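Descriptive analysis of the structure
Take a look at the letters that make up each chain.
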Amino acid sequence: MYKGFTESSSEGFVAKEFDKLAPAPGIDWSGSLETWMDQARQNGWNVKTSVTDVKLGSIVLFDQSNKIIVGIVRDINDTGIRFDTLEHNQVQQKMVNYQSVNEYKIIGYIWPERTIPRMKLIIK
């Protein structure tokens, strides 16, 4: 288990890989994939929704059957975005091609950086 998710699930894989990129303590991942971006935004993480805003971090998107997929962006180049996701306990490399916008619908990205510093509670 990693932060409440089975490590062999796509959610567990992404949470663990994202936390390797993000400053400690990382995101307190919880809930469903549909809520991850909202939760990240509410907790001060940089959340973007434009294709032009892609950078290393997590990516949340719909596939052709409207299934939500979450992955870790590994490479960005002139033709598209390469990301890793976990399927059937194996890391799968996928590609979002800029010319083939019907393949995936990008919901957005969570960058591994905070927009506001995390508040620390000091108890005296």
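Residues numbered from 1 in each chain as written. Predicted model: local features only at pLDDT ≥ 70, side-chain atom pairs only at ≥ 80, totals over all residues. Heavy atoms only, no water.

1. Thoughts on the sheet that holds strand S5 (residues 90-97)
The strand order across the open sheet built from six strands is S1-S6-S2-S3-S4-S5, with neighbouring strands paired in antiparallel fashion. Two strands bound the open sheet, and with one partner strand each, they are strand S1 (45-48) and S5. Here the strands of the sheet are splayed against their neighbours by 30° on average, with no regard to which way each runs. Pairing between strand S2 (residues 57-62) and strand S6 (residues 105-114): five bridges, direction antiparallel. Each residue of the ladder has a partner; that of Val60, found in S6, is Gly108. Each of S1, S2, strand S3 (68-76), strand S4 (80-87), S5 and S6 touches helix H1 (residues 10-21); the most contacted strand, S3, lies at about 35° to it. (Pairing = 2+ DSSP bridges. Helix = DSSP H or I, 4+ residues; strand = E, 2+ residues; numbered from the N terminus. Axes fitted to C-alpha atoms, helices over the stretch in contact; angles between N-to-C directions. Contact = heavy atoms within 4.5 Å.)

2. What about the nonpolar core?
Counting 20 residues, the largest nonpolar core has Val14, Phe18, Ile27, Trp29, Trp36, Trp45 and Ile110 as the members making the most contacts within it. Elements with a minimum of two residues in this core: H1, helix H2 (33-42), S1 and S3. Core analysis: the second largest hydrophobic core is formed by 12 residues, Val54, Leu61, Val96 and Ile106 among them. (Core = buried A, V, L, I, M, F, W, Y, C linked by side-chain atoms within 4.5 Å. Buried < 20%, exposed > 50% of the residue type's maximum accessible area, 1.4 Å probe, protein only.)

3. Regarding the environment of Gln99
Among the structural elements, Gln99 can be located in the loop between S5 and S6. Taking the C-alpha atoms as reference points, Gln99 and Thr79, 20 residues apart in sequence, are found 7.5 Å from one another.

4. Focus on the pattern of salt bridges
Counted according to the given criterion, the structure contains nine salt bridges. With a shortest N-O distance of 2.8 Å, Glu17 and Arg74 are connected by a salt bridge. Linking Glu17 in helix H1 with Arg74 in strand S3, this pair joins segments that are 57 residues apart in sequence. According to the relative accessible area criterion, Glu17 is buried, its value standing at 15%. Residue Lys94 pairs with Glu87 through a salt bridge whose shortest N-O separation is 3.1 Å. One connected set of salt bridges, linked through shared partners, spans Glu17, Lys20, Arg74, Arg82 and Asp84. (Salt bridge = Lys/Arg side-chain N within 4 Å of Asp/Glu carboxyl O.)

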